[in-house]
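# Remarks on the overall topology
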Amino acid sequence: MTTGPATTSDAALRTALDGVRAFILDADGVLMYRGAPIDGSPAAVAELRRRGIPYRVVTNFSSAHRSTLAAWVGKATGMPVDAAEIITAASAAAAYTAAHHAGGPLLVLSAPDARREWAGQQVLSPDEADARTEPVAAVVIGDAGDDLSYRNLDIAFRQLKAGAAFVAMHRNPWWMTPKGFTLDAGAYVLGLEAALGRRAVICGKPSPVVFRQAVAELRAELAGRDGGSTESRLRIGDIAMVGDDPKADIAAALRVGLLGILVLSGKVDAAEAARSRVRPDAITDSLASIVHALENMPGTSGRA
Ligand SMILES: [Mg+2]
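Residues numbered from 1 in each chain as written. Predicted model: local features only at pLDDT ≥ 70, side-chain atom pairs only at ≥ 80, totals over all residues. Heavy atoms only, no water.

## Some points on the coordination of the magnesium ion
- Within the protein, the magnesium ion binds to D26 (OD), D28 (O) and D244 (OD); these donor distances fall in the range 1.9 to 2.2 Å.
- Here the donor residues of the magnesium ion are spaced in sequence according to D-x1-D-x215-D. Of this pair, D26 sits in strand β1 (residues 22–26) while D244 sits in the loop between β13 (239–243) and α10 (246–255), and the two are 218 residues apart along the sequence. Neither residue differs from the other here; D26 and D244 are each classed as buried. (Donors = N, O, S within 2.8 Å, 3.2 Å for Na, K, Ca; no water. Helix = DSSP H or I, 4+ residues; strand = E, 2+ residues; numbered from the N terminus. Buried < 20%, exposed > 50% of the residue type's maximum accessible area, 1.4 Å probe, protein only.)

Listed below in structure tokens is the structure:
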């Protein structure tokens, strides 16, 4: 990717990063692009680790459990990836139902591997849900592939109509795969919303749900390290979100009070970034540039 007039100067990038103590990283377009690691990103993540700067990788990819994803990314990038450092739209939805519908029966339409995120929660099959006289506590719609059948969606619809809470991983109507344009699970969410006349709680990006979860995890990690000292409590403005999508990453991060740093290693180039109405705190070519800028600011980041 080329850099151009839209990118932030090195000095301004260092100013934007002043006081940043933790990161939220998008995966596609920041760590990897089209399945291959982005130049310098594995080394940049290794440097964050070495400096003791906590981070979470936040992605809307939701057809697998985080441990599966960690293994894939680890294999593709050659860097060790810990499943606990990843938050997917599926894990965010599972954390949401654990917090808001604890102990309640759930109908979760997702890929079987991603459904492992609900381990310990009461997940019913569509038939089990349909056989009950009371509605389930919540219906979760995710990337279930062929399980997003008429039959299962009709059962989900009836549960929702009877009063179940409506939770969804994302509202993306389509995405690009090796097949080309591919129908995504968000199209079914939009259809159910139209049929019901009410909106789902979205847990993946650009929803604040997933960002708040990342912030809570980063806070807990730093507090655990510092023995829970309130003086060191991580403020939301001390966390930078690094993403390649001006709307789904940057605008969404800015709305919850995070710093938003746009990188040009994925979806948009400098010209598109300049045309966007979203105003990131900084624009730079890649995660490597951000970590390089940190290296030139001794003592301002990472209470290692
Ligand atoms: Mg991305």
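Right, picking up where we left off after that structure.
## Brief notes about the environment of V210
- Looking at the element boundaries, V210 is found in helix α9 (residues 208–225).
- What makes V210 buried here is its relative accessible area of 1%.
- Counting along the chain gives 119 residues from V210 to S91, while the straight-line C-alpha distance between them is 9.0 Å.
- V210 has contacts with V58, I87, A92, C203, G204 and K205, leaving out every residue within four places of it along the chain. (Contact = heavy atoms within 4.5 Å.)

## Focus on the domain arrangement of the protein chain
- When its domains are assigned, the protein chain resolves into domain 1 (10–60 + 206–295) and domain 2 (91–202).
- Spacing between the C-alpha centres of domain 1 and domain 2 amounts to 29 Å.
- The partner domain 2 presents 9 residues to the 5 residues of domain 1 that form the contact.
- Between domain 1 and domain 2 lies a buried interface of about 490 Å² when both sides are counted; carbon and sulfur atoms form 58% of it.
- Our count for the domain 1 to domain 2 interface comes out at 0 salt bridges.
- Classifying every residue of the side of domain 1 that touches domain 2 gives 2 nonpolar, 3 polar and no charged. (Domains from an automatic or database assignment. Buried area = accessible area lost by both parts, 1.4 Å probe. Salt bridge = Lys/Arg side-chain N within 4 Å of Asp/Glu carboxyl O. Nonpolar A, V, L, I, M, F, W, Y, C, P; charged D, E, K, R; others polar.)

## Comments concerning the sheet that holds strand β4 (residues 55–59)
- The parallel open sheet is built from 6 strands, whose spatial order is β5-β4-β1-β13-β14-β15. Where the open sheet ends on each side, the last strands, each with one partner, are β5 (86–88) and β15 (282–284). Across the sheet, the mean angle separating the axes of adjacent strands is 25 degrees when strand polarity is ignored.
- Note: β1 against β13, 4 bridges, orientation parallel. Paired with L25 across the bridge in β13 is V242. (Pairing = 2+ DSSP bridges. Axes fitted to C-alpha atoms, helices over the stretch in contact; angles between N-to-C directions.)

## Observations regarding the nonpolar core
- Core analysis: the biggest nonpolar cluster contains 34 residues, and I24, W118, F211, I239 and L258 have the highest contact counts within it.
- In terms of residue count, the dominant contributor to this core is α9 (7 residues).
- Viewed by domain, this core spans two of them, domain 1 (10–60 + 206–295) and domain 2 (91–202), each represented by three or more residues.
- Every residue in contact with W118, bar those within four places of it in the chain, is listed here: A90, A93, A94, T97, L106, V108, V123, V140 and M169.
- The next biggest cluster of nonpolar side chains, apart from the first, holds 33 residues, and it includes V30, A44, L287 and L294. (Core = buried A, V, L, I, M, F, W, Y, C linked by side-chain atoms within 4.5 Å.)

## Here we look at the pairing of β4
- Among the 5 residues of β4, 5 are classified as buried, and the element is accordingly described as predominantly covered.
- Sheet analysis places β1 next to β4, joined by 4 bridges and oriented parallel. Within the sheet, the bridge partner assigned to I24 lies in β4 and is R56.
- Pairing of β4 with β5 involves 3 bridges; the strand directions are parallel. Residue pairing across strands places V57 opposite I86, the latter belonging to β5.

## Considerations on the environment of D26
- Since its relative accessible area comes to 6%, D26 is described here as buried.
- Spatially, the C-alpha atom of D26 lies 9.0 Å from that of D245, the residues being 219 residues apart in sequence.
- Not counting residues up to four positions away in its chain, the partners in contact with D26 are L31, V57, V58, K205, M241, V242, G243, D244 and D249.
- A polar side-chain atom of D26 sits 2.7 Å from a polar atom in the side chain of K205. (Polar contact = N/O pair within 3.5 Å; in protein donor to acceptor, adjacent residues only side chain to side chain.)

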